[in-house]
Amino acid sequence: MWTPTEEEKFGVVICSFRGSVPQGLVLEIGETVQILEKCEGWFRGFATKKPTVKGLFPASYIHLKAAVVSNRGQFETVVPVEDSIVTEVTATLQEWIMLWKQLYVKHKVDLFYKLRHVMNELIDLRRQLLSGHLTQDQIRDVKRHITVRLDWGNEQMGMDLVPRKDFEMVDPEQLSVADLYKLHLSSRHSIQQSTAQTDTMKHRHGDTCRIPVPHHLFLNMKSFTYHTIGEDTDIFFSLYDMREGKQISERFMVRLNRNGMPRNPEKIERLCALFTDLSNKDLKRDLYIIAHVIRIGRMLSNDSKKGPPHVQYRRPYGCAVLSMMDVLPSIAELREEKDFVLKVYTCNNENEWYQIHENIIRKSSNKYTAASTNYGMIISVQLLRGDMDHVRRENPMIFNRGVAITRKLGFPDVIMPGDIRNDLYLTLERGEFERGGKSVQKNIEITVYVLYADGETLKDCISLGSGEPSISEHCSFVMYHNNSPRWGEIIKLPIPVDKFRGSHLRFEFRHCSTKDKGEKKLFGFAFTPLMRDDGTTLSDDVHELYVYKCDENSTFSNHGLYLGLPCCKEDFNGCPNIPSSLIFQRSTKELFWISTLLSSTKLTQNVDLLALLKWKAQPDRVMDILGRLRHVSGEEIVKFLQDILDTLFTILDDNTEKYGLLVFQSLVFVINLLRDSKYFHFRPVMDTYIQKHFSGALAYKELIRCLKWYMDRSAEVVRQDHIQEAMRALEYLFKFIVQSRILYSRATGGIEEEQFRASVQELFQSIRFVLSLDSRSSETLIFTQAALLNSFPAIFDELLQMFTVQEVAEFVRGTLGSMPSTVHIGQSMDVVKLQSIARTVDSRLFSYPDSRRILLPVVLHHIHLHLRQQKELLICSGILSSIFSIMKSSSLECSVSEEVEMMVESLLDVLLQTLLAIMNKSQMAEAVRGQRCPQCTAEITGEYVTCLLSLLRQMADNHYQQLLDNFQSKEELKDFLLKIFCVFRNLMKLSVYPRDWMVMRLLTSNIIVTTVQYLSPALHKNFTEADFDFKVWNSYFSLAVLFINQPSLQLEHATSAKRKKILDRYGDMRVMMAYELFSMWQNLGDNKIHFIPGMIGPFLGVTLVPQVEVRNVMIPIFHDMMDWEQRKNGNFKQVEAELIDKLDSLVSDGKGDENYRELFSLLLLEKIEQETWRETGVSFVLSVTRLMERLLDYRDCMKGDETENKKIGCTVNLLNFYKSEINKEEMYIRYIHKLCDMHLQADNYTEAAFTLMLYWELLHWEDRPLREFLHYPAQTEWQRKEGLCRQVINYFNKGKCWEYGIPLCRELASQYEVFYDYHSLSWIRKMEAAYYDNILEHQRLEPEFFRVGFYGRKFPFYLRNKEFVCRGHDYERLEAFQQRMLTEFPQAIAMQHLNQPDETILQSDAQYLQIYAVCPIPENVEVLQMERVPDRIKSFYRVNNVSRFRYDRPFHKGSKDKENEFKSLWIERTTLTLTHNLPGISRWFEVEKREVLEVSPLKNAIYVVENKNQELRSLISQYQHKQLHANINLLSMCLNGVIDAAVNGGIARYQEAFFQKEYIVSHPEDSEKINQLKELMQEQVHILGVGLAIHEKLVHPEMRPLHKKLIDQFQMMRSSLCHDLPGMDKISPACSGSSTPRGSLMSSHNPMSPEAIKLVHRHSPLSLLGSNRHSSSSLSSQTSSEVGNLVILTDGLAGETLDDPFRMQLSYANPKFQSSMTNVSVLSSCQASPSTSSLSSTHSAPSQMINSAPSSARGSPSLSDKYRHSREVVMLLPSHRDRPSSAMYPAMMENGQPTSFQRALIQQVVGPCKPCSDPNLSVAEKGHFSMNFDAFHHHISDIPPALPARTLRKSSLHPIPASPTSPHSGLDGSNSTLSGSASSGVSSLSESNFGQSMEPPRTDVTDSVPSQTWNPEEDAEAPYLPVRYSLSEPDVIESVKAHPCRSHSAPTGVIPKELAEIPALPPKPYYPRLTYTDNEEALEEESRSKAFTRKLSQSGRNGKEDQAKVPWEHGINEE
């Protein structure tokens, strides 16, 4: 049974649970759960991150944790009992882990790895905290490391700053705003300074007593290698100041044996020292680490004869130095040791040994020598920081290694009270000795002894250096043969203090003989006592000692024998009469020098100090002794502080009147000495003395008297140094006074209490007197007052020991009140005064409520004065912050209402004024400098904002009520409300607090909303009806709007944990303010009209906040506004206009969403339903809703990584909406320019020009002035329109649409003519002329057009369920366009059929794309029908300014006739009409109308034959007029294509289909059409006769065989038509010739039957097909060798079954080619391909698509990537205008391009192929061929190189006739036969197929023969430029330069009246079946000699000119 849990409330998942049981809760390891119930090993509860989902989970999977449960029951709160730092780490890591992964996604790899490292560290530190095995210090250290890492990570991840106190997060409710602000600042500082903070003592207001942090240098000697010493060595390390020329540290000694290892085995790896107490000043010195090497062995290491081996001498060897200046930069930041190598140098002359280190440093290389190349010393160095205790804690490993503490010589900068030292540092300087009758100088060794008064040698009182134990005697090193040695050897003498007096030093001098015995002979000694007779120690100086003679027999057992002798010159002067009979005689010529330095806290060398301590010995000198105390050094005073103080008060008690003032002055001197930072740590010593050792019970009287006397004289004395010193010592003087009085009261039972109180009262009177003096005339008095004010707050604690809190408070109030209240006493004095007040506030006295009530008025009075004058704002803010902090802490214990009331009355108004002034200065500084003044914004503004917020937070209902009641008039109330609203607004505008101070920002918002709730009733009550004040209300509304829009309150962007925390603490403050705002709006009543339309924009911004409740509250206000304006004006035009304007800018800024649009519409429509103006209201709301749809789409496109097309589409959609629906001209113009900029970025210059023309059309040629707008300056309308016109013309020029620019040039020229601006007129006329030249000279690409349908609800609004026609980019084919669209819409599904989608697709939540190519229907048909118009001109009008497009789909009605399929083949023609012409302001426009028309087979036949006749007439006419006389290739190909149609049956197939009796009987309504077709056929025969006659005249002799072949074929064609078409027997004489058996052959075989194929010549190209070509115009894929059967799909019958194709097996006479061909599937073609690129999208179509797709299925976007990117299947499709749906011809390639011979052979084999429905066409042209070319690759190398790209008109290859079902059958100079289109199979003939594979696509079309389109009314003649092949013909070369890469046919021709159709292609000529191999050599030679040079813009084409051979010429040579 399930029971509620009592103890098991909280746990952590230790094993993931998948919820595999009913109602199981899925849990991941590490999650925390709250447990509600338990039952038999199961818990029921929820995960804390998803509290709404409850379920079951195993109890064994949960680790229970102790927790505190509050509010038990359904809504209980469970908080785990654990360290808050642990909880924070857990929560923070959970937040980080989500953001951390995103770092990798955003490629912030460096931060990714850094954060991972920090997270691992945090996990480890958290584990340590939870272990429970850490000490308190370790816990504190771990917490510090955790918080540093947490704060660093939060900052790096852009998360909120966490305010901390003692490493833990603080509760904002428990702190004042001021304290919270300080914590934020400190937390920010701790992030920036992540190093450990040292313990410093710093007072907020006043002198900073900062303790200098010492540095310590750790040195570790790692190795010393030198192979030639072979003796023991001593190495001494020390720190040397080169600048001062002295050592500053003790020596660190290392003893090594002859192997370089430590002599003491325990020292291995422990040769380390710590040089302590280095100050910052020391580190700035020119410091060096010096290492002196002393060897211990023979006298001379290289001479074994010098001395016996058993005698050891200490001999100098070498020295090494290391510059600290070079080392410090590299080790300062390191937290580990760094190694350095020191080279040891030997001294060239031992006399220079004492300064060898200086010589090395100075690089005096002649005085030292490098010992050896392989000799060196390796040391490691590390710099440590902090006091010794801190260093020990931080670096325990160092001290575990037995580090030698090496101290400074002398005291450090900071002397610690417990630091006891008694060290005497002795330096053996030098000596002067006699030779003593020897021939050589002596080898002198000094032995040093320390002897006590009794003559005993003191044990272990000599230390050669740290790191080694002390010794009892020391032998110096020996200088070889030197009577004037200089040692410079420092020895430390750690003599106990009690042994110091009476002890002396003795120095014995011995000569070390190097003879065999090696004996050391004593020859003299010197001595010196350590303490003088006057009790002072040996002075820190150089001492010259006398040397006394002695020998080995001399005895020193009785030291009294020599202690009576003078040791030095000073002693000798003291006792000049010395008997000469003493044992020891002085050697007058010998001297010995030493120097000493005493570092002792117990001994002194100062005579004056000693005299003071022993004043009783000389009572008559007391006054002099007291006077000389000032000359004693501070170090000596602090060492004997207690003794000195005892002495002073003893003297005072001895004779108060006589010595009182002097003792007072001495006491002041000693007290002030402790204010020095060097001795600041001795203040506790002073405090301890006062509390425990001070015994001057009567001293207080004299101290008070002297102090008062000083103060009273301050007005009279000119020099007040002594008075100022007394004022500075006020704190300790009062401590002595109070303690003395306590002692006196304790001793006497409290007598004379009144006298004491009276004396203190009088003293305070004197203090007030000093402060009240006018100091403006006396600078010295200012310093006195300043010193008094600085010291004054320090006496409060002492007074509280003797007086009550109220009494002390009264003292202080009187004193502070005596200060001048005006702010004219000088700035420095103002600062001091405020600092004194600040210390008063910070004192313990102010923390008592009783004293605070007394002191607060006077404190507020002074602050008020300074704030009014804007003086010392920073100090004032600090005082106020302290006051508020104290009040907040007190409010938790007692009421502070009275104090708050005082604060409100005194400060609130002046605080507001101050803040406004500061903020204004800040804004001005920002405007001037461009950046904010850091002092204003960061310090002052932040401080005063916190003060204001603290005050407002402390205010309760009664305070607000009293505040409002205190205003005397409404003007005062209005002024106050305006100020506080303005301050609040500035708080949110200026962002006073940084973005990551979320705690501070939320608290501020909470205080603001609370304050506004208190002030709103006053606003409503006083300023609503007759007293309405717009300014106040407007200020209120602006504040509310700003508040709701604050970024910190937008909880939707916060994490769920953060959102929950904020809502739990504050709720959603936006909702609170929204309700308040709505309530106040309702209270306005009739005054609402004043805020229409002004508040529409701000309120709209509020409603766009993504909070449902806020929207529900605020949206109805718009209905209210509409209603009020309707009442006033009868309409709501203002609301409408303003709402639309603001909606645009707000949505663009990222506000609003789809939910808002729906809610806006729903709420307002619901409100409007009840209104009388419902109709206009509903219309307006719906209009705004539609606008929002478009704006949201626009914003989503702009802010996302959307393509330019989407952005442009959105912008066009929005632009049209502004123009058509709501007529907002300014917004319309803005979006015009945005759209123009987008076009320019995408290089859509033509569209940019059309876009900019929209603005141009709005302007007029007038002089009306226009304001500055967007980037336009203020100018006249004429000037702006002129500038725009020039800009548009420029864009048209860049877009190569010169035809559009010319009318603008004319209009601009007309304006220039009016103003006689001939300069500009000349310029514009020249530009117009240049444009005409460009039209004629430059080739332009004809773009493809694609129809795109967007279906499904997932598309943006502007695309949803609409169809568009898009103008493709240059060189873009259907496959590329389709891929681009699928890339732009990656979620879209490509539809596999072209049928109109049903409702299911339209309403589905998906995206469907339907894409296929369409043909443009030109508007300007007249130009296309005009003769002699160059094709480059016609080409423009074919594809520009078009709004109608069409595509055809062939289909069969009824049963299909398998014998002649054209009987039942119909065409479904769809015409699309766009909303705008293309090109326009966009590359695509929506389809507004769709028309579908069915064309019968007979009409189609008429259309095809009529177009072919027109083509022939036009071409023949050109040759008749000698427009094309140089080359008849075009005529030959055209005639061949029509005449030689035997394979396809020619027009006989039409005859069979429509002239049979059965058809005529069954279709009587077609009789007229049948007659028309007959007439057209007769006309065609006649035209062919004329053409053959002309051909005979012009044909080249070498081409006579071709002409003969044409005559033969014509006879066959004529005879086949004679019996049905009368008049066929009369033909032109030129057509006569013998008949060929071709007709009988063709009649005996079905079209392209196997039998027919067998007749193919053995050299036909079908036997040479080796590889597919790469055509830029028709092929985007490459073939591979993997495809055996290539199925090529026709345009027209893609939707039919595969029963149509004729299967044929190609057989060859030549067996080597026979196996190369496989099956060829031919699918009948009935429709022109909509795009040349349709090949590239469909050539690899899957079989199901081939079977089902309709006519344009080859353009379907549904192809999978597998097929879309295949390079194994090749299909050659024609242009969407030019190509018929005829067969597709594969072409072989050589090096990626088909060879000319291959192309020629294709023509031979395929012959005169025609489209399926044309009787003139062969069967081969009815379908697309599918062939395997792999088998032929090995034959390609024998074929000549491919020709460069050129038009077909320049080759002998024959044009391919159009399909009878194609709308392109008319002759057109740039039809697909010539342009490289592929569907018709003519791609193999297009010039793009003649170029190399590396040439850019579509750049290979020349336009030497202009395009011509057939028109019924057009004359047969059409101008064609002559075609030449010679390189010497410039006409041809000029005709091809800068021409587009391919041309297109015009989409018009012979059409029904109701539908304009595009003409079909010309028929394909028969190519003579010539043998290639016989003339291969000649062809190659000719191909080299007849290269054709092309002048195209592409570079690097010259290499291909050699291949410019006419395919025709191969055939000629072969013939």
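Conventions used here
Residues numbered from 1 in each chain as written. Predicted model: local features only at pLDDT ≥ 70, side-chain atom pairs only at ≥ 80, totals over all residues. Heavy atoms only, no water. Helix = DSSP H or I, 4+ residues; strand = E, 2+ residues; numbered from the N terminus. Expected span 1.5 Å × (residues − 1). Buried < 20%, exposed > 50% of the residue type's maximum accessible area, 1.4 Å probe, protein only. Pairing = 2+ DSSP bridges. Axes fitted to C-alpha atoms, helices over the stretch in contact; angles between N-to-C directions. Contact = heavy atoms within 4.5 Å. Parallel < 35°, antiparallel > 145°, perpendicular 65-115°, else oblique. Left-handed = near helix turned anticlockwise from the far one by under 90°. Nonpolar A, V, L, I, M, F, W, Y, C, P; charged D, E, K, R; others polar. Polar contact = N/O pair within 3.5 Å; in protein donor to acceptor, adjacent residues only side chain to side chain. Disulfide = S-S within 2.5 Å.

A. Here's a closer look at helix α43 (residues 1204-1220). A rise of 1.5 Å per residue sets the reference length of α43, with its 17 residues, at 24 Å; its end C-alpha atoms lie 24 Å apart and thus fit the reference within 8%. With respect to burial, α43 is a largely interior element, 13 of its 17 residues being buried.

B. Structural detail: the sheet that holds strand β27 (residues 504-512). What the eight strands build is an open sheet, ordered β25-β24-β27-β28-β29-β30-β23-β26; its pairing is antiparallel. Each edge of the open sheet carries a strand with a single partner, namely β25 (473-475) and β26 (486-493). In this sheet, adjacent strand axes meet at a mean angle of 25° when their direction is disregarded. Relative to β26, strand β23 (residues 422-432) is paired through six bridges, and the arrangement is antiparallel. Paired with L428 across the two strands is E489, which belongs to β26.

C. Representation of the pairing of strand β2 (residues 10-13) in the model. Where burial is concerned, the two faces of β2 agree: the one with F10 and V12 and the one with G11 and V13 are both buried. Bridge count between β2 and strand β3 (residues 32-39): three bridges; the pairing is antiparallel. Considered in β3, the bridge of V12 is made with T32. The pairing of β2 with strand β6 (residues 62-65) spans four bridges and is classified as antiparallel. Bridge pairing in β6 places V12 opposite H63.

D. Representation of the pairing of β23 within the structure. With eight of eleven residues buried, β23 lies mostly within the body of the structure. In this sheet, strand β30 (residues 586-600) lies alongside β23 in antiparallel orientation, the contact comprising ten bridges. Looking at the pairing, R430 lines up with W593 of β30.

E. Fine view of the sheet that holds strand β22 (residues 404-406). One open sheet accounts for five strands, arranged β18-β21-β11-β15-β22; its pairing is mixed. The open sheet is flanked by β18 (338-342) and β22, the only strands paired with a single partner. In this sheet, adjacent strand axes meet at a mean angle of 30° when their direction is disregarded. As paired elements, β18 and strand β21 (residues 376-385) share five bridges and run antiparallel to each other. Residue pairing in the sheet places D339 in a bridge with S380 of β21. Relative to β18, helix α6 (residues 324-331) is tilted by about 160°, and along the sheet it contacts β11 (215-225), β18 and β21.

F. Highlighting the packing of helix α16 (residues 641-654) against helix α18 (residues 683-693). Their axes nearest at 10 Å, the elements α16 and α18 cross at an angle of 50°. When the axis of α16 is compared with that of α18, the two are oblique. By crossing handedness, the relation of α16 to α18 is classed as right-handed. Every residue of α18 that contacts α16 at L641, Q642, L645, D646 and F649 is listed here: V685, M686, Y689 and H693. When the residues that make up the contact of α16 with α18 are grouped by side-chain class, the tally is six nonpolar, two polar and one charged.

G. Main features of the side chain of S323. Among the secondary structure elements, S323 is positioned in strand β17 (residues 313-323). A distance of 3.3 Å separates a polar side-chain atom of S323 from the backbone nitrogen of M325. With residues up to four places along the chain from it excluded, the contact list for S323 reads L287 and Y288.

H. View of helix α37 (residues 1096-1103). The element α37 is extensively covered by neighbouring structure, given that seven of its eight residues are classed as buried. For α37, the secondary structure elements touched by its buried residues are α34 (1030-1044), α36 (1069-1084), α38 (1108-1114), α39 (1116-1129), α40 (1133-1148) and α41 (1154-1168).

I. Region of the structure containing the state of the cysteines. On inspection of all chains with the given rule, the structure shows zero disulfides. Just so you know, C475 is unpaired, no disulfide at all, and the nearest cysteine sulfur is the one on C512, 8.4 Å from it. On the basis of relative accessible area, C475 is assigned to the partly exposed category, the value being 26%. In this structure C568 is not part of a disulfide, and its nearest cysteine sulfur, from C567, lies 3.7 Å away.

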